[in-house]
Amino acid sequence: MLNRCVYFTPNGAPLYHPIRSSHVNSYVNYSTVQARAQLAMAAANSVRVAAAQMTSVNDIASNFATCSRLVKEAVSAGAKMLCLPENFSYVGSKSGDSLLIAEPLDGPIMQKYCSLARESGIWLSLGGFQEKGHDDAHLRNTHVIIDDSGNIRSTYSKIHLFDVDVPGGAVYKESSFTEPGKDIAAVDSPIGRLGLTVCYDLRFPEIYQQLRFQHDAQVILVPAAFTTVTGQAHWEILLRARAIETQCYVIASAQAGKHSEKRESYGETLIIDPWGTVVGRLPDRVSTGITVADIDFSLIDSVRAKMPIAKHRKPFDFWRPASL
């Protein structure tokens, strides 16, 4: 008689292996034992992460309820960290609304998310929080990392501000109400060493080079709210390029769909591996939900060993002007 033993790979896919049995004895063949050992080793060298997609609105309580539901889904999926998109807690219906709700990091909005992380036992990447700036006319677009005890582990204020006349779209002037950050940020986490960025930073590869080669990032986070025009043209190709050139996982959590009559985001939350392969994507580009993938540390090591760009690259000061 031939039975089947069912167990799961690190990415949740079922594998079936035969167990041959007699009336009194059963055994598993050597290849099955070997396969199980390989799976156990792979599981020990990988960790699951979730990336969210949502449509934030100008209602802080409603957005928190959505984020809480996404956290539950991530925990149920076995993720150690959930990455939320830029403006997860609030998207205003008109320009300047964000200034009215901006708070310091020890304010009630962020403290609710710290409690959510602690009560759920999961790390959170909160990309693009409206942190109160140096005066009432400015805020900071701040990426916050919270651990599973509810402590803020790291913050990064967006350096590159979106002052753009989008072809066929609207004119944006983020610098009119946002003060730019000055410092790069990287931090250790259960899913590896994280490099923090936000949205428009994606178009500036220098920051990603710094995160990989100066700050030893293994996973780079890109929470975003790309416009529909720029997203359709550039979103995935830029993300895959950043993953390939840094040999890092890239996790890009996206705002999606219509926030109001005047604002819409492209969506398409993605998780990309160090070879540039998309390993996590929601089936619907504008739906609310999560995608999960396993961060495979052995894959990071393998890609970097076989194509050792860290050894081949020139130092930053090599690229001095050729002429005066």
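As annotated in an unreviewed UniProt entry, the chain carries the name Nitrilase-like protein 2 and comes from Theobroma cacao.

**Student:** An account of the overall build of the chain is requested, with residue identities and associated values reported.
**Tutor:** The number of helices and strands found in the chain is eight helices and 19 strands. Across the 324 residues in the chain, those meeting the buried criterion constitute 50%. In the chain, 67% of the contacts between residues at least 6 apart in sequence involve partners at least 24 apart. Carbon and sulfur atoms provide 54% of the accessible area of the chain, an area that totals close to 15700 Å².

**Student:** Describe unusual backbone geometry, naming the residues involved and giving the relevant values.
**Tutor:** Not every positive phi belongs to a glycine, and Cys199 is a case in point at roughly 45°. Given the relative accessible area of 7%, Cys199 is considered buried. Positioned with a positive phi, Asp216 is a non-glycine residue whose angle comes to about 60°. Take Asp216: it is sitting in the loop between α5 (205-213) and β13 (219-221).

**Student:** Lay out the pattern of salt bridges with the relevant residues and their values.
**Tutor:** According to the stated counting rule, one finds 14 salt bridges in the structure shown. Two residues, Arg140 and Glu179, come together in a salt bridge whose shortest N-O distance is 3.0 Å. Placement of Arg140 in strand β7 (residues 139-146) and of Glu179 in the loop between β10 (171-173) and β11 (186-189) is noted, with a sequence separation of 39 residues between them. Overall, Arg140 belongs to the partly exposed group, its relative accessible area being 25%.

**Student:** Lay out the pairing of strand β5 (residues 81-84) in plain terms, naming residues and giving numbers.
**Tutor:** Burial along β5 is two-sided: Met81 and Cys83 and Leu82 and Leu84, pointing in opposite directions, are all buried. Taken together, strand β4 (residues 46-54), helix α2 (residues 60-76) and β5 constitute a β-α-β crossover, and its handedness is right-handed. In the sheet, β5 pairs with strand β6 (residues 123-132) via four bridges, with the strands oriented parallel. Looking across to β6, one finds that Met81 is bridged to Trp123.

**Student:** Tell me about the sheet that holds strand β14 (residues 249-252), and name the residues and values.
**Tutor:** The strand order across the open sheet formed by six strands is β11-β12-β13-β14-β17-β18, and the pairing between neighbours is mixed. Both edges of this open sheet fall to β11 and β18 (278-281), since each of them pairs with a single strand only. When the angles between neighbouring strand axes are averaged without regard to direction, this sheet yields 20°. Pairing between β14 and strand β17 (residues 270-272): three bridges, direction antiparallel. Each bridged residue has a counterpart across the sheet, and for Ile251 the counterpart in β17 is Ile271.

Parameters and conventions
Residues numbered from 1 in each chain as written. Predicted model: local features only at pLDDT ≥ 70, side-chain atom pairs only at ≥ 80, totals over all residues. Heavy atoms only, no water. Helix = DSSP H or I, 4+ residues; strand = E, 2+ residues; numbered from the N terminus. Buried < 20%, exposed > 50% of the residue type's maximum accessible area, 1.4 Å probe, protein only. Contact = heavy atoms within 4.5 Å. Areas by Shrake-Rupley, 256 points an atom, 1.4 Å probe, with all protein chains shown as cover. Salt bridge = Lys/Arg side-chain N within 4 Å of Asp/Glu carboxyl O. Right-handed = clockwise from strand over helix to strand, strands pointing away. Pairing = 2+ DSSP bridges. Axes fitted to C-alpha atoms, helices over the stretch in contact; angles between N-to-C directions.

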